[in-house]
Amino acid sequence: MNEFHEYVRAVFSVAGDIVIKSMMGGYLVYFNGKLLGDICNNELFLKRTPTSDRLLADSELRYPYEGSKTLMHVFDRFEDTALVLELLDGMYTELPEKKPAKVR
């Protein structure tokens, strides 16, 4: 983990539990157990949901890494706590539940 990861965790923790996990060269960001987005090259990419599309309509849409098939919002408005709270609250209700682990 680096300073940017800790910054994302600190800012987003006002809304709930934030976990950042290393995964295949990048990092996945979970909010209260649901996958919220990715951190790649010290940029935060958030999944597209109706709430993120509405609240982040003016943000840049990009693929988080080469070969990605998921276009995501680049998030950089960390100082806007009201936005962070509204965004995460809305996205949480729209994101799918975590899939149960497969029994081996």
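For the structure itself, consult the block above.
As a starting point, this report considers the structure included with it. (Residues numbered from 1 in each chain as written. Predicted model: local features only at pLDDT ≥ 70, side-chain atom pairs only at ≥ 80, totals over all residues. Heavy atoms only, no water.)

1. What about the nonpolar core?
And then number 1: Grouped together as the largest cluster of nonpolar side chains are 22 residues, with contacts concentrated most on Phe12, Leu36, Leu44, Leu46, Phe75 and Phe78.
And then number 2: Tallying contributions element by element places helix H3 (residues 81–94) first for this core, with five residues.
And then number 3: Here Phe75 is in contact with Phe12, Leu44, Leu46, Leu56, Leu83, Val84 and Leu87, once residues within four sequence places are set aside. (Core = buried A, V, L, I, M, F, W, Y, C linked by side-chain atoms within 4.5 Å. Buried < 20%, exposed > 50% of the residue type's maximum accessible area, 1.4 Å probe, protein only. Helix = DSSP H or I, 4+ residues; strand = E, 2+ residues; numbered from the N terminus. Contact = heavy atoms within 4.5 Å.)

2. Examining the packing of aromatic side chains
And then number 1: Counted under the stated rule, the structure contains six aromatic pairs.
And then number 2: Between Phe75 and Phe78 the ring centres are 5.1 Å apart and the planes differ by 90°, which places this aromatic pair in the edge-to-face class. The pair formed by Phe75 and Phe78 is uniform in burial state, with each residue classed as buried.
And then number 3: Taken together, Phe4, Tyr7, Phe12, Phe75 and Phe78 form an aromatic cluster joined through their ring pairs.
And then number 4: Its end group placed over the ring of Tyr30, Lys21 keeps NZ or CZ at 5.1 Å from the ring centre. (Phe/Tyr/Trp six-rings, centres within 6.5 Å; stacked < 30°, edge-to-face > 60°. Lys NZ or Arg CZ within 6 Å of the ring centre and 35° of its normal.)

3. With respect to the side chain of Ser52
And then number 1: With respect to the element layout, Ser52 can be found in helix H2 (residues 50–55).
And then number 2: At 2.8 Å, the side chain of Ser52 forms a polar contact with the backbone nitrogen of Thr49.
And then number 3: Aside from chain neighbours lying at most four places away, what touches Ser52 is Lys47, Ala57, His73, Leu87 and Met91. (Polar contact = N/O pair within 3.5 Å; in protein donor to acceptor, adjacent residues only side chain to side chain.)

4. A look at the sheet that holds strand S2 (residues 26–31)
And then number 1: Pairing is antiparallel across the open sheet formed by six strands, whose spatial order is S1-S2-S3-S4-S6-S5. Looking at strand neighbours, the two that pair on one side only are strand S1 (18–23) and strand S5 (61–62), the edges of this open sheet.
And then number 2: Pairing of strand S3 (residues 34–40) with strand S4 (residues 43–46), which is carried by four bridges, proceeds in the antiparallel orientation. Counterpart to Ile39 in the pairing with S4 is Leu44.
And then number 3: Here helix H1 (residues 3–12) sits on the sheet and contacts S1, S2, S3, S4 and strand S6 (72–75); the angle it forms with S1, its principal contact strand, is near 150°. (Pairing = 2+ DSSP bridges. Axes fitted to C-alpha atoms, helices over the stretch in contact; angles between N-to-C directions.)

5. Regarding the pattern of salt bridges
Side-chain pairs of opposite charge can arise where the charged atoms are in close proximity.
And then number 1: Scanning all chains against the criterion turns up eight salt bridges.
And then number 2: The closest approach of N and O atoms between Glu6 and Arg9, which form a salt bridge, is 3.2 Å. Of this pair, Glu6 and Arg9 are both found in helix H1, three residues apart, which corresponds to roughly one turn of the helix.
And then number 3: By relative accessible area, which is 22% here, Arg9 ends up partly exposed.
And then number 4: Taking the shortest distance from any N to any O, the salt bridge between Arg62 and Glu43 comes out at 2.6 Å. Note that Arg62 is positioned in strand S5 and Glu43 in strand S4, a separation of 19 residues in sequence.
And then number 5: On the accessibility criterion, Arg62 (26% relative accessible area) is partly exposed. (Salt bridge = Lys/Arg side-chain N within 4 Å of Asp/Glu carboxyl O.)

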